[in-house]
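Working through the structure, step by step
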2 protein chains.
Amino acid sequence: MQPSLDSLRNILEADCLLTDSDSLSQYGKDWTNQYTPAPLAIALPKTTEQVAAIVQWANKHSVALVPSGGRTGLSGGAVAEHGELVIALDKMNQVIAFESATQQVKCQAGVITEQLQQFAEENDLYYPVDFASSGSSQIGGNIATNAGGIKVIRYGLTRDWIMGLTVVTGKGEVLELNAGLIKNATGYDLRHLFIGSEGTLGIVTEATIKLTRQPKNLTVLLLAIPQLDKVKELLNTFQKEVDLTAFEFFSEEALLKVMPHHNLPRPVETEAPFYCLLEFDATSDDILENALGCFESGLEQEFILDGVMSQSQQQAAELWKYREYISETISSRRPYKNDISVTPDKVSEFLGRVNNIVAEHYPEFEVIWFGHIGDGNLHLNILAPDDMDYAEFVKACENVNPLIFEVLRELGGSISAEHGVGLLKKPYLNYTRTEAEINYMKGIKAAFDPNNIMNPGKLF
Amino acid sequence: MQPSLDSLRNILEADCLLTDSDSLSQYGKDWTNQYTPAPLAIALPKTTEQVAAIVQWANKHSVALVPSGGRTGLSGGAVAEHGELVIALDKMNQVIAFESATQQVKCQAGVITEQLQQFAEENDLYYPVDFASSGSSQIGGNIATNAGGIKVIRYGLTRDWIMGLTVVTGKGEVLELNAGLIKNATGYDLRHLFIGSEGTLGIVTEATIKLTRQPKNLTVLLLAIPQLDKVKELLNTFQKEVDLTAFEFFSEEALLKVMPHHNLPRPVETEAPFYCLLEFDATSDDILENALGCFESGLEQEFILDGVMSQSQQQAAELWKYREYISETISSRRPYKNDISVTPDKVSEFLGRVNNIVAEHYPEFEVIWFGHIGDGNLHLNILAPDDMDYAEFVKACENVNPLIFEVLRELGGSISAEHGVGLLKKPYLNYTRTEAEINYMKGIKAAFDPNNIMNPGKLF
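What you see is a predicted model, and the numbers here were worked out from it, not measured in a lab.

**With respect to the nonpolar core**
Membership of the largest hydrophobic core comes to 149 residues, with the highest contact counts inside it found for Phe448(A) and Phe448(B). The greatest single-element share of this core, amounting to seven residues, is contributed by helix α14 (residues 435-448) of chain A. Here Phe448(B) is in contact with Tyr440(A), Ile444(A), Thr169(B), Gly170(B), Lys171(B), Leu175(B), Leu190(B), Leu193(B), Phe194(B) and Leu201(B), once residues within four sequence places are set aside.

**A short note on helix α3 (residues 113-122) of chain A**
All names here are of chain A. Buried residues of α3: Thr-113, Leu-116, Gln-117, Phe-119 and Ala-120, and no others. End-on view of α3: buried residues confined to an arc of 160°, all on one side of the axis. Looking at α3, the residues exposed on the side facing more than 90 degrees away from the buried face are Glu-121 and Glu-122. The inward-facing, buried residues of α3 contact β5 (95-99), β6 (104-108), β7 (125-126), α4 (139-145) and β10 (202-210). Just downstream of α3, Asp-124 is the residue with a positive phi angle, here 55°.

**Observations regarding the relation of the copies chain A and chain B**
One copy of the chain maps onto the second through a rotation around an axis plus a translation along that axis. The transform that puts chain A on chain B rotates by 180° and translates by 0.0 Å along the axis, for an RMSD of 0.0 Å. This pairing of chains is accounted for by a two-fold axis. Within chain A, Ile444(A) has its C-alpha nearest the rotation axis, a separation of 2.8 Å. Here 99% of the contact residues of chain A are again contact residues in chain B; the copies associate through an equivalent surface.

**A closer look at the interface of chain A and chain B**
The interface of chain A with chain B comprises 83 residues on the first partner and 82 residues on the second. Roughly 6300 Å² of surface becomes buried between chain A and chain B when both sides are summed, with 56% attributable to carbon and sulfur atoms. Interface area lost by chain A to chain B is led by Lys183(A), Tyr188(A) and Tyr440(A), which between them contribute 18%. Here chain A is connected to chain B by 10 salt bridges. Measuring nitrogen to oxygen at the nearest pair gives 3.0 Å for the salt bridge that ties Lys183(A) to Glu418(B). Summed over the shared surface of chain A and chain B, the number is 38 residue pairs in polar contact (both at pLDDT 80 or more). Counting only elements with at least two residues in the side of chain A that touches chain B, the list comes to β9 (174-177), α6 (190-194), α7 (231-241) and α14 of chain A. It is α14(A) that contributes the most residues to the side of chain A that touches chain B, nine residues altogether. Here the residues of the side of chain A that touches chain B sort into 29 nonpolar, 32 polar and 22 charged.

**Side note on helix α2 (residues 48-61) of chain B**
All names here are of chain B. Compared with the 20 Å implied by 1.5 Å per residue over 14 residues, the 20 Å span of α2 between its first and last C-alpha is a close match. Along α2, the positions that sit buried rather than exposed are Thr-48, Gln-50, Val-51, Ala-52, Ile-54, Val-55, Trp-57, Ala-58 and Asn-59. Where α2 is buried, its residues contact β2 (41-43), β3 (65-68), β4 (85-88), β8 (162-169), β9 (174-177) and β10 (202-210).

**As for the domain arrangement of chain A**
Residue and element names in this part refer to chain A. Domain boundaries assigned for chain A yield domain 1 (6-90), domain 2 (95-213), domain 3 (218-327) and domain 4 (334-435). Computed from C-alpha atoms alone, the centre-to-centre distance between domain 2 and domain 4 is 29 Å. With seven residues of domain 2 at the interface, the matching set in domain 4 holds seven residues. Of the roughly 520 Å² buried where domain 2 meets domain 4, counting both sides, 45% is carbon and sulfur surface. Among the residues domain 2 hides against domain 4, the three largest losses belong to Gly-149, Ile-153 and Glu-198. Together they make up 60% of the total. At the junction of domain 2 with domain 4, the criterion picks out zero salt bridges. Taken together, the connections running from domain 2 to domain 4 amount to four residue pairs in polar contact (both at pLDDT 80 or more).

**Here we look at the pairing of strand β16 (residues 336-341) of chain B**
Moving residue by residue along a regular strand, the side chains alternate between the two faces of the sheet. All names here are of chain B. Among the six residues that make up β16, five are buried, leaving the element largely enclosed by the rest of the structure. By the bridge criterion, six bridges tie β16 to strand β18 (residues 377-383) in an arrangement that is antiparallel. Bridging from a neighbouring strand, Lys-337 pairs with Asn-381 of β18.

**Brief notes about the packing of α7(A) against helix α9 (residues 285-300) of chain A**
Residue and element names in this part refer to chain A. Relative to each other, α7 and α9 sit at 160°, their axes nearing to 9 Å. It follows that α7 is roughly antiparallel to α9 by the angle criterion. Classified by chirality, the crossing of α9 by α7 is right-handed. Within the contact between the two elements, α7 uses Thr-237, Phe-238 and Glu-241 and α9 uses Asn-290, Ala-291, Cys-294, Phe-295 and Ser-297. Split by residue class, the contact of α7 with α9 holds four nonpolar, three polar and one charged.

**A few points about the sheet that holds β5(A)**
Ordered by their spatial adjacency, five strands build an open sheet running β5-β6-β10-β8-β9 (chain A), and the pairing between neighbours is antiparallel. Edge positions in the open sheet fall to β5 and β9 of chain A, since each of these has one partner strand only. Between one strand axis and the next, the sheet turns through 15° on average, direction left out of account. Bridge count for β5(A) against β6(A) is four bridges, and the pairing is antiparallel. In the strand pairing of β6(A), Glu99(A) is matched with Gln104(A). Against the sheet, helix α14 (residues 435-448) of chain B touches β8 (162-169) and β9 of chain A, its axis set at about 85° to β9(A).

**Side note on the environment of Asn381(A)**
All names here are of chain A. Mapped onto the elements of the fold, Asn-381 is located in strand β18 (residues 377-383). In this structure the C-alpha to C-alpha distance between Asn-381 and Tyr-336, which are 45 residues apart in sequence, comes to 5.6 Å. Residues in contact with Asn-381, not counting those within four places in the same chain, are Ile-330, Pro-335, Tyr-336, Lys-337, Glu-366, Val-367, Ile-368 and Phe-370.

**Considerations on the side chain of Gln104(B)**
Tracing the backbone shows Gln104(B) in strand β6 (residues 104-108). Residues in contact with Gln104(B), not counting those within four places in the same chain, are Ala97(B), Phe98(B), Glu99(B), Met163(B), Gly180(B), Thr208(B), Ile209(B) and Lys210(B).

Thresholds, definitions, all that
- Each residue is numbered by its place in its chain's sequence as written, counting from 1.
- All chains are assigned letters beginning at A, and all ligands numbers beginning at 1, according to the order in which they are written.
- Whole-chain, interface and lining totals are the exception, using all residues; otherwise, since this is a predicted model, local features are given only for residues with pLDDT of at least 70 and side-chain atom pairs are given and counted only at 80 or more.
- Hydrogens are left out, water is left out, and the side-chain values use all remaining heavy atoms of the structure.
- As used here, the term nonpolar core means buried Ala, Val, Leu, Ile, Met, Phe, Trp, Tyr and Cys residues forming a set that is joined through side-chain atoms within 4.5 Å.
- For each residue, the accessible area found with a 1.4 Å probe, counting protein chains only, is set against the maximum for its type, and the residue is called buried under 20%, exposed over 50%, and partly exposed in between.
- Labels follow the DSSP assignment, with helices taken as runs of H or I lasting at least four residues and strands as runs of E lasting at least two, numbered in each case from the N terminus.
- Only heavy atoms matter for contacts: two residues are in contact if any of them lie within 4.5 Å across the pair.
- Arc, as used here, means the arc of the directions from the helix axis to the C-beta atoms.
- Superposing copies: least-squares fit, C-alpha atoms only, residues required to have pLDDT of at least 70 in both.
- We define buried area as the total accessible area lost by two parts upon association, computed with a 1.4 Å probe and summed across both.
- Any Lys or Arg side-chain nitrogen located within 4 Å of an Asp or Glu carboxyl oxygen qualifies as a salt bridge.
- Pairing of N or O atoms within 3.5 Å defines a polar contact, subject to two protein rules: one partner must be a possible hydrogen donor and the other a possible acceptor, and residues neighboring in sequence count only if both atoms are side-chain atoms.
- In this classification, the charged set is Asp, Glu, Lys and Arg, the nonpolar set is Ala, Val, Leu, Ile, Met, Phe, Trp, Tyr, Cys and Pro, and all remaining amino acids, among them Gly, are polar.
- Here a helix's expected span is defined as the number of its residues, less one, multiplied by 1.5 Å.
- All domain edges in this entry derive from an automatic or database-based domain assignment.
- Two strands are said to pair when DSSP picks up at least two bridges between them.
- Working convention: axes come from line fits to C-alpha atoms, limited for helices to the stretch in contact. Angles between N-to-C directions cover 0 to 180 degrees.
- Comment on the angle field: the value is read as roughly parallel under 35 degrees, roughly antiparallel over 145, roughly perpendicular from 65 to 115, and oblique elsewhere.
- Working rule for handedness: look at the near helix, and if it is turned counterclockwise from the far one by less than a right angle, call the crossing left-handed; if clockwise, right-handed.

Below, the structure is given as structure tokens:
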């Protein structure tokens, strides 16, 4: 039986509770796009107090809640397929305060990532967490998944920029966690518990976020690499001398897709199995010289075959295209995606073993590798043969997953580097987390959400 | 009734279970030095498995456990005054593994901070968490209190360097948390929950720690400041241009103690109420010029009265003495210490209000201010008049605490910036954490330590 929404109308204004089928369909899913949305209704609260009132209402009426940000997730964490009430933060999209002495900005959780990046820029500062979905993803969602992206090697994850949170717990209580303090040694840091909890403990409604100095003269090196096991030396050599702001990679197979699709020339003369894109702040001539020294030493020691360095901001942007266009280029082929990580020293072994697994079981599948190799984060994209039924293809990939994840377990890796667990990775959580860990997680969940109304069925 | 230690002897070698009165007294207290140690015995395990066996033994026999590192804490977190079994990690003091490609070192929790710093140096790297007790404090204790220190403004807290933990929970289960992954979005990050938990959830036995590039050409600016409310402008001006590695302050009163005690001359000609010590990597002439530009602009705008910049490593070390010698200089006066924090923009208001409180209630007390002002972290040291009974003095200071902490609550500050809560700050926890937060903390504790054997009575 569906609960009556009447009493909810006392909490929300009329235009803040949506039940039309378009809204239900739009708000009931994320970018994962393989689940059928079927929420009860969509609540669009305007204040933390309204969120708390909704959670209290949901406890009273035993209604499951799905917190919803920009719904750009790729693991089904924001999917509502079982009559849940979706709480979307779209109307909580304001910057609340900014303090230049601390470089901290307080904003509502519905602020779009790009909006925060622009706010920082207007104040001659920089918000460095950046990824493909920055134009749609919301800060609250970034926090709930501890979003990473392309600048992690220098600037860390979302976690590293969150100085305070306002959350509503699964009990409907409002907590102000840390409120911008740099040092605060007074018990368990519940802020860090909420970061990455995928809406299963409560809802983030506001965040205090640290900004930083803008990078200057960002310079890109695009390098051709003879074998992936040389990446370890490459990383080692550069990290000793240069603060890298990005260290990305992609395979020749990826390049061969991007070049014709975007009418781009080969970036370096030499053809190679892999390419690395390195970025750094060339704030002084010394740094440029250090980077060039590393490059030359790499050529001599043959862990670099060839390379090009940007001479202008425009050329840097041109070089980034080879990496940034990959996802969009192959999207029409509906790749089966796995977002996985190992420690950077094990990337080569992992990739080799996965290639062997796929070649053995599905020699007709194409494998496209790219990702944030400096973080050990690989995006494994498997493409179906043109004539294969898509459902059959997905099933085949799911059959391969346990083999890949077994290798990950052996190497101490993670089945989800930055996309979260949600629904999609839930069956595989035990490859990365032990039964004991999952039991402790459930114990924590019970303390914050005793009636299990917060995003039930996600994560575990 | 004291439990029998016989069955414990099956777990530990004979020389790893101490019951002599010297050991009980030595291991039963930390630097807080105002509690009477009375532990049951001291266990010195050599492996994680032994730690787990001890915790299981303690659960079975209802024995309270006190985890013990270097016991340099200042809040009584490692005190055993009620017949607890102390688990000291002294014999787990080895570096286990080092991987240069990831710059990660795995070590046992009993490794001394300085030992890790030296290990980093031997590998041309740097472990940047540093504080007065680095020569005695252990990594496990640093993690349990999320230790901070003098480099936080650039390098963050202990939390920011921990890539993985091995812990034994209060149930006696061994968990491997994260194991060095940079990106791992698979549920609650229990690693961050253990960091700063003061041994109340379990015991850290091993840690994987990230190292970084060594700083080059560290340069110190010592500046005389006309009023503390100018610090905001000072911080603002420098942070826009220079990556500061330290931003410390001390009062004229502190300087007046240090100079005669260590036979040091006045560092700058101009006498001022406050002094700031700034440090940065002068890796290029550009950076030096930027810093000098900030200095000159400060003189012009009169938020700096006078200053001196180090011209050599030796001179930099000389200038640090004015800040570093304060604690030791006043130690013979047995100061009543409060380690507190606010956001850096509120430091001036906070300090002014505390000075007024002390002046109003105890005009005969001396107040010595110093600390990590760039982090908003102030060390408030109150000195008794020479002729005052010490117990009476402590009581007087405790009477003032609620007034100071009320101001902290109003300004959103913390009653313990980096010393933890332990026993000493427990009565005041509710000034920084709400009742709801404390209840959630207790819920988490119950999940990890259902029999309440881990450091009971500490924190809450």
